[in-house]
Amino acid sequence: MQNMLTLISNVFRLGNASKNVGAQTVSELLIGLSEYVNITSPPAPATPRQPPIPLGARMVASTRSFADFTPQASFDIKKCELHRLEEGPSETAVLTREQGLQYYRTMQTMRRMELKADQLYKQKIIRGFCHLYDGQEACAMGIEAGINPTDHLITAYRAHGYTFTRGVSVREILAELTGRRGGVAKGKGGSMHMYAKHFYGGNGIVGAQVPLGAGVALACQYQGNNQVCVALYGDGAANQGQIFESFNMAALWKLPCIFICENNKFGMGTSVERSSASTDYFKRGDYIPGIKVDGMDVLCVREAIKFAADYCRAGKGPIVMELETYRYHGHSMSDPGVSYRSREEIQEVRSKSDPITMLKERMLSNNMASVEEIKEIDVEIRKVIEDAAQFAISDPEPPLDELCNHIFANNPPMEVRGTNPWVKLKSVS
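Computed from a prediction, not measured in an experiment: that's the story for all the values here. (Residues numbered from 1 in each chain as written. Predicted model: local features only at pLDDT ≥ 70, side-chain atom pairs only at ≥ 80, totals over all residues. Heavy atoms only, no water.)

### Quick notes on the overall build of the protein chain
Thinking step 1. When its secondary structure is counted, the protein chain shows 14 helices and 12 strands.
Thinking step 2. When each of the 429 residues of the protein chain is scored for burial, the buried share is 46%.
Thinking step 3. The contacts in the protein chain between residues at least 6 apart in sequence include a share of 71% that link residues at least 24 apart.
Thinking step 4. Counting every atom, the protein chain has about 22600 Å² of accessible surface; 54% of that belongs to carbon and sulfur. (Helix = DSSP H or I, 4+ residues; strand = E, 2+ residues; numbered from the N terminus. Buried < 20%, exposed > 50% of the residue type's maximum accessible area, 1.4 Å probe, protein only. Contact = heavy atoms within 4.5 Å. Areas by Shrake-Rupley, 256 points an atom, 1.4 Å probe, with all protein chains shown as cover.)

### Comments concerning a nonpolar patch on the surface
Thinking step 1. A cluster of nonpolar side chains, Leu-218, Met-249, Leu-252 and Trp-253, forms an exposed patch at the surface whose accessible area comes to about 410 Å².
Thinking step 2. Looking at the nonpolar patch element by element, the count peaks at 3 residues for helix α9 (residues 241-253).
Thinking step 3. Judged by relative accessible area, Leu-252 falls into the exposed class, the value being 62%. (Patch = residues over 30% accessible without salt bridge, like charges linked within 9 Å, V, L, I, M, F, W, Y side chains within 5 Å. Salt bridge = Lys/Arg side-chain N within 4 Å of Asp/Glu carboxyl O.)

### Topic: the packing of helix α4 (residues 97-122) against helix α13 (residues 355-365)
Thinking step 1. Packing of α4 against α13 brings their axes to within 10 Å, and their N-to-C directions diverge by 155°. Classified by the interaxial angle, the pair formed by α4 and α13 is roughly antiparallel. At the point where α4 passes α13, the crossing takes the left-handed sense. Within the contact between the two elements, α4 uses Arg-97, Gly-100, Leu-101, Tyr-103, Tyr-104, Met-107, Gln-108 and Arg-111 and α13 uses Pro-355, Ile-356, Leu-359, Lys-360 and Met-363.
Thinking step 2. Its residues assigned to classes, the contact of α4 with α13 comprises 8 nonpolar, 2 polar and 3 charged. (Axes fitted to C-alpha atoms, helices over the stretch in contact; angles between N-to-C directions. Parallel < 35°, antiparallel > 145°, perpendicular 65-115°, else oblique. Left-handed = near helix turned anticlockwise from the far one by under 90°. Nonpolar A, V, L, I, M, F, W, Y, C, P; charged D, E, K, R; others polar.)

### Looking at the sheet that holds strand β9 (residues 290-294)
Sheets are built from strands that pair by backbone hydrogen bonding, the pairs being arranged parallel or antiparallel.
Thinking step 1. Overall, mixed pairing links the 6 strands, which are arranged β2-β9-β10-β6-β5-β4 in an open sheet. Two strands bound the open sheet, and with one partner strand each, they are β2 (81-83) and β4 (152-154). Put simply, the sheet's adjacent strands are angled 20° from each other on average, direction ignored.
Thinking step 2. Its contacts with the sheet place helix α11 (residues 298-313) against β6 (257-263), β9 and β10 (319-324), and it is angled at close to 175° to β10. (Pairing = 2+ DSSP bridges.)

### With respect to unusual backbone geometry
Thinking step 1. You will see that Lys-186, though not glycine, has its phi angle at about 60°, which is positive.
Thinking step 2. If you trace the backbone, Lys-186 turns up in the loop between α7 (170-177) and α8 (209-223).

### A word on the pairing of strand β11 (residues 414-417)
Thinking step 1. Bridging between β11 and strand β12 (residues 424-427) involves 4 bridges; their strand directions are antiparallel. Residue pairing in the sheet places Arg-417 in a bridge with Lys-424 of β12.

### What to know about the side chain of Lys-292
Thinking step 1. Position of Lys-292 among the secondary structure elements: in strand β9.
Thinking step 2. Among buried Asp, Glu, Lys and Arg side chains, Lys-292 stands out as unpaired, with Glu-81 the closest opposite charge at 4.0 Å.
Thinking step 3. The contacts of Lys-292, once residues within four sequence positions are left out, are Cys-80, Glu-81, Phe-282, Glu-322 and Glu-324. (Lys, Arg positive; Asp, Glu negative; His and termini not counted.)

### Remarks on the nonpolar core
Thinking step 1. Among the nonpolar cores identified, the biggest contains 71 residues, and Ile-143, Tyr-162, Ile-258, Ile-260, Val-293 and Met-321 are the most heavily contacted of them.
Thinking step 2. Per-element tally for this core: the top contributor is α11, with 10 residues.
Thinking step 3. Setting aside anything within four residues of it in sequence, one finds Tyr-162 in contact with Tyr-133, Cys-139, Ala-140, Ile-143, Leu-153, Thr-155, Phe-199, Leu-232 and Glu-262.
Thinking step 4. Within the second largest apolar cluster, 21 residues are counted, among which are Ile-154, Ala-217, Cys-229 and Cys-257. (Core = buried A, V, L, I, M, F, W, Y, C linked by side-chain atoms within 4.5 Å.)

### Looking at the packing of α7 against helix α14 (residues 371-394)
Thinking step 1. Where α7 meets α14, the axes come as close as 8 Å, and the angle between the chain directions of the two elements is 40°. What the angle tells us is that α7 and α14 run oblique. Taken as a pair, α7 and α14 cross one another with a handedness that is right-handed. Residues Val-170, Arg-171, Leu-174 and Ala-175 of α7 form the contact with α14, whose own contacting residues are Ile-385, Ala-388, Ala-389, Phe-391 and Ala-392.
Thinking step 2. For the contact of α7 with α14, the class distribution of residues is 8 nonpolar, no polar and 1 charged.

### Here's the deal with the pattern of salt bridges
Thinking step 1. Counted under the stated rule, the structure contains 16 salt bridges.
Thinking step 2. The shortest N-O distance in the salt bridge between Glu-380 and Arg-105 comes to 3.1 Å. Placement of the pair is Glu-380 in helix α14 and Arg-105 in helix α4, with a sequence separation of 275 residues.
Thinking step 3. The partly exposed category is assigned to Arg-105, whose relative accessible area is 32%.
Thinking step 4. In this structure, Glu-303 and Lys-306 form a salt bridge, with 3.9 Å as the shortest nitrogen-oxygen distance. Highlighted residues: Glu-303 and Lys-306, both in helix α11, separated by 3 residues, approximately one helical turn.
Thinking step 5. A relative accessible area of 33% places Lys-306 in the partly exposed class.

### A closer look at the confidence of the model for the protein chain
Thinking step 1. Mean pLDDT over the protein chain: 87, with 84% of residues reaching 70 or higher.
Thinking step 2. Confidence over residues 11-64 falls short of pLDDT 50; this stretch has 11 contacts with residues more than four positions distant or in other chains. (pLDDT = per-residue confidence, 0-100.)

### What about the packing of aromatic side chains?
Thinking step 1. Tallied over the entire structure, the rule returns 4 aromatic pairs.
Thinking step 2. A centroid spacing of 5.5 Å and a plane angle of 65° characterise the contact between Tyr-133 and Tyr-162, whose relative ring orientation is edge-to-face. Highlighted residues: Tyr-133 in the loop between α4 and α5 (137-146) and Tyr-162 in helix α6 (residues 160-165), separated in sequence by 29 residues.
Thinking step 3. A relative accessible area of 1% means that Tyr-133 is categorised as buried.
Thinking step 4. Overall, Tyr-162 belongs to the buried group, its relative accessible area being 0%.
Thinking step 5. Measuring from ring centre to ring centre gives 5.2 Å for Phe-266 and Tyr-340, while their planes differ by 50°; the resulting arrangement is tilted. A residue pair is termed long-range when its members are at least 10 positions apart, and Phe-266 in strand β7 (residues 266-267) and Tyr-340 in the loop between β10 and α12 (343-353) qualify at 74 residues. (Phe/Tyr/Trp six-rings, centres within 6.5 Å; stacked < 30°, edge-to-face > 60°.)

Here you go:
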């Protein structure tokens, strides 16, 4: 003990002699003290000494669990039912981490956007018709992932999800729903009539978008641009005569058109079993090949659409698809959706087949994302939705002098008769 005190005294005496006591002096002190500590302390367990980890390496190690994800994984998906086809879409789908995060973000944004629209409608901020898409997100996301941005798409009035996947912001969609000037159609279209580049709505007349889609496909064929048109309709519209007329013309002229029936089980409040003598919608084209797809799995939809697009681009003519899906809301906001089906039925679909949950569980179970990362995305999406909703509430309505504008795309200003013969309104494009 006396020797240890003498050592300490000597070290500090050196410190007083020089104001710059270097690290070597401190090291000598610690080394000297360690001899006495080893003598008087109990022996440490015999474990191999690990080399010290540099500070930078420690920082990398602490974030490694967050960054070291599986870059891609392969998944077995449900086999499609085929009509007049010897081979169908792949039964295996490869998903990269980047794709998975993109799909999750897009579908979760659609879900949150529709739930916010539900809230705004119940607050009487959104008025008129409003048909929500929650539950069917895998259809819109899978289709968009399976075609090119330059391909064309036309759908019915349950169109908010497709408007978003075609590139329109949540802010513009919600502002259109509230009839504001910043909406995608300048507040004049509402829920049913939204448009974007290569996206032709949002159409309010049941089934009328299908012959329009065949016409777009005819334009693609005529221009020789190797593009396809996706024409969507619901199971309720599947019995419309104009759909079968479109099938006939598309088959005769071998148009590059993918006809897709989104079978969400109910046409308004009537189940498919009560409204259709045949519920095999993918066989309705008869002489046109068909595919039945699990519309709750985004990877199933993506692979099927890739197959159908390749089929059409090869000059083989049209193809009919049925996406078997489910809507959580009623037919429209005026329909509670539980008078012709039970709450338990809806909850069972949510718990077993929800498209967003299915994708999230795939990514988490294969180390393609972390729970914390998913939560961060959810928080970010909620903020985007809230900001968009605030804009949709505060943005002004279009003034009355814009009522007749944009009747034609490229015409000079013209006069439009008002509510009586003596009132003339100016229209500009």
